[in-house]
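Coordinate analysis (summary)
Chain by chain, the residues:
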Amino acid sequence: MTNDSDLFADAARQVLADQCTPQVVRAIEAGDSCSAQSLWEQLEAAGLTDALVPESEGGSQLGLGQVFGVLEQCGAHALPLLLGETMIAHAALPPSMRPSGAMALARGQREADGTVRCALVRSAKVAEHVLVQADDTMWLLLPIAAAQSSDHALALDATLVWPAAQVTAAAQLSMESGVDLWTLQACVVAAQMAGALGTVLACTLQYANDRKQFGRPIGKFQAIQHQLAVMSEHVCAARMAAQLGCSGAGAVPDRLRVATAKARCSQAALVVSEMAHAVHGAIGFTEEFDLQLYTRRLHAWRQTAGSEAYWHDVAGQALIAQEGGSLDVIRRITDVAI
Amino acid sequence: MSSLNSLTLALTRIPDEDEALRTEVRSFLQDAIRDMPAHVRARSWGGYDTAFSRKLGEKGWIGLTLPREYGGAGRSAFARYVLVEEFLNTGAPVGSHWIADRQSAPLILKYGTEEQKRFHVPRICRGESFFCIGMSEPNSGSDLASVRTRAEPNEHGWLLNGQKIWTTNAHHCQYMIALVRTSGTSEDRHKGLSQVIVDLSLPGVTVRPIEDLSGDRHFCEVFFEDVQLGHDALIGNEGQGWEQVTAELAFERSGPERLFSSIVLFDQWLDYVRLPGNATPSSTRLAGKVLTQLAPLRAMSVSVQERLMQGGSPIVEAALVKELGTTLEQSIPADIAQDLFSRQDDDVPVELLMTLKYVTEASPSFSLRGGTREILRGMIARGLGLR
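Just so we're clear, the structure is a prediction, and the values are computed from it rather than from any experiment. (Residues numbered from 1 in each chain as written. Chains lettered and ligands numbered in written order. Predicted model: local features only at pLDDT ≥ 70, side-chain atom pairs only at ≥ 80, totals over all residues.)

Focus: helix H6 (residues 95–111) of chain B
All names here are of chain B. How we decide: Secondary structure elements follow DSSP: runs of H or I no shorter than four residues count as helices, runs of E no shorter than two count as strands, and numbering proceeds from the N terminus. A helix's residues, less one, multiplied by 1.5 Å, set its expected span. Take the seven residues that end at a residue and the seven that start at it, fit an axis to each, and the angle between those axes is the bend at that residue. Exposure classification rests on a simple neighbour count of other C-beta atoms within 10 Å of a residue's own: a residue reaching 20 or more is buried, one at 12 or fewer is exposed, and one in between is partly exposed. C-beta atoms are placed from the backbone.
Here H6 spans 24 Å end to end across 17 residues, near enough to the 24 Å set by a 1.5 Å rise per residue. If you look at H6, its biggest bend is around 40 degrees, right at Asp101. A large share of H6 lies buried, amounting to 13 of its 17 residues.

A word on the environment of A:Ala124
Residue and element names in this part refer to chain A. Turning to its location among the elements, Ala124 is positioned in the loop between strand S3 (116–121) and strand S4 (129–133). A count of 24 C-beta atoms within 10 Å places Ala124 in the buried class. Remark: the alpha-carbon pair of Ala124 and Ala155, spanning 31 residues in sequence, is separated by 9.6 Å.

Considerations on the interface of chain B and chain A
Quick note on the threshold: Contacts here follow a simple rule: the backbone-placed C-beta atoms of the two residues must lie within 7 Å. Gly falls in the polar group here, along with every residue not listed as nonpolar (Ala, Val, Leu, Ile, Met, Phe, Trp, Tyr, Cys, Pro) or charged (Asp, Glu, Lys, Arg).
In this assembly, 43 residues from chain B lie in contact with 43 residues from chain A. Top contributing element to the side of chain B that touches chain A by residue count: helix H10 (residues 281–309) of chain B, with 17 residues. Class assignment of the residues belonging to the side of chain B that touches chain A gives a composition of 26 nonpolar, 7 polar and 10 charged.

With respect to the domain arrangement of chain B
All names here are of chain B. Which entries qualify depends on this criterion: Domain start and stop positions are those given by an automatic or database domain assignment.
Domain assignment breaks chain B into domain 1 (2–129), domain 2 (133–240) and domain 3 (254–383). For domain 1 and domain 3, the distance between their C-alpha centroids amounts to 21 Å. Listed by partner, the interface residues are 22 residues for domain 1 and 26 residues for domain 3. Elements supplying a minimum of two residues to the side of domain 1 that touches domain 3: helix H3 (38–41) and helix H5 (77–90). The residue makeup of the side of domain 1 that touches domain 3, split by class, is 13 nonpolar, 7 polar and 2 charged.

A look at the pairing of strand S4 (residues 175–181) of chain B
For a regular strand, side-chain orientation follows a simple rule: the groups alternate between the two sheet faces. Residue and element names in this part refer to chain B. Where we set the bar: The pairing criterion for strands is at least two bridges between them, as found by DSSP.
Most of S4 is tucked away, with 7 of its 7 residues classed as buried. The alternating pattern of S4 places Tyr175, Ile177, Leu179 and Arg181 on one face and Met176, Ala178 and Val180 on the opposite face, and all of these are buried. For strand S1 (residues 131–134) and S4, the ladder comprises 4 bridges, and the chain directions are parallel. Residue pairing in the sheet places Gly134 in a bridge with Ala178 of S4. Across 7 bridges, S4 lies against strand S5 (residues 193–199) in antiparallel orientation. Bridge assignment links Met176 to a residue of S5, and that residue is Val198.

Examining the sheet that holds strand S5 (residues 138–143) of chain A
Sheet strands associate in pairs through backbone hydrogen bonding, adopting either a parallel or an antiparallel arrangement. Residues and elements named next belong to chain A. Counted only if it meets this: Only the stretch in contact is used when a helix axis is fitted, and all axes are lines through C-alpha atoms; the angle between N-to-C directions ranges over 0 to 180 degrees.
Across the sheet, 4 strands lie side by side as S1-S4-S5-S8; this open sheet has mixed pairing. Looking at strand neighbours, the two that pair on one side only are strand S1 (103–107) and strand S8 (171–174), the edges of this open sheet. Adjacent strand axes in the sheet meet at a mean angle of 25 degrees, parallel and antiparallel pairs treated alike. Pairing analysis gives 5 bridges linking S1 to S4, with the strands arranged parallel. Each bridged residue has a counterpart across the sheet, and for Leu105 the counterpart in S4 is Leu131. Contacts between helix H5 (residues 83–92) and the sheet are confined to S1 and S4, with S1 contributing the most and set at about 80 degrees to the helix.

What follows is the structure, given as structure tokens:
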């Protein structure tokens, strides 16, 4: 099992290191659809989009615990495409409904006139379809080309509205009650955050060793050393939390573990970004220097599928609903089947 | 990137056979400390109760991991992890035997002579013999290598002179394992240091408890004036004291005692929040904030335990756990006070507030004992290749 997951993570690392360079990330974020398309084809060719799909349906039949390493690599390379979301969506959809191309995940509102509105679709501009959760059990597969799209705060995001006719024609998916779209999305986003956090730490360490002031590398100063130590603590804890969120042999994550993962990674994102910029000084604040690709992304991911406060509320409700000591709830989160 | 390996801890599951111990321990503790109020339980491994330690000795729960031939139970380190986790979460008063169980007996087994093992370890396992650790001195705190207490070799063994301070429970213990200088001067730093077992009943030993800010008396100053130790007082090799001491540290820093120092308070506060009408939006959020930090920390601590069991020396990983863990432990009383005193109703149970008072007052020590925050950050920075 470990070997399988290592193999997939290595495959992802190779593709991403070659194809998802900082230049490509910048191009895609600037709207270069050719770059997006060609990178996506590489990821599909590596078999990554169907990693969670059963073997009988042509997939690799991995569990979430085995794709953690792939998702971590996506974050480590600031992949601006929806590989994790597509993996999750493919696993949720029956083979007949599984479209080609990248898939976004979003919550939608079904209006009285029959239209469906998704106020915020993350990375809509690099996706072809959206898996929309309209209410507890109603999920729709909607093509982006058929939606009325308006720009959002981040360049690749959009607000999408589908006319009633499109909604009627859309494939409906019956999902188990209680499955929540944000739980699915936060699971993969947290794993990617863990990867990006690792890259930010590695960049900052490198910079602290290279940059000289007062005649020595700034990493020799205790103030800088302590900032890097604190960063590494958060990176380590966030990665552990992300592994808990993205664990198990199945493709549906546990909500309380995801709450832990997304809350902890979002908490770390703030601290680690802030300290990374503090150590880098003005150069880290430039477009030209790559640090921003990861720190901006960490902020965007913190704001995706629930901030830490959202998941604190979820976790807090679960804890208060139990009786007795908190250790048993802690163990429910940490004691995963391996 | 190899310096970052310490940060990639694997998910680890405590084996079922070790996990099985939990039910028995829990039911024993429910019975044994049923009448102990929460503000007393909150002291946990600071709590001192020799009768309780003897009871645990009878159960075979001291020296759980030590070989049977020396009075131990021959169980795995994960079994001890489960045991200790239950002690801490219940707030069992395990302070009397804590150091001997965690550090002294394993140290004696690792470095001691056969006579030392046969003499000390079975007594420790029975809960009869308690140990303290003599590290800090008035002029040697974080800079431990500068210790000046000397053991000079003479015809009878070693003649001990000097002073230790902040020695936890020295006034209740029969023995101290002290880090002392056996050759050279403090200029020689790590060289010339050795560990000796000091029988605290010997002539020339004076122990004075120091009252802490909450009124408790747990740490002490200990004076040695021409204390004659036998040849057999030396533990391990002469001059190897520094290496022996540093090898202990990973065991000391990554355990559940670095996560759960405020857990009795947290659980008691949760019980209050669970009462009808008491769960406000901000208290629910706080409960989740603590849970989502404690769970990953516990997973990290279990993972470091696995690295220790595989014979690794995860010193940096252990420092990470301790630094994060104690930071969270310290935030809990502050956040709970914020919650309780943001309410209109000031009819909070007095017992909860007594526990809050104790943990608030004790919390500065969480990031002092076992290596200060600043020392740990320095160690992590060294692990990252910065020093």
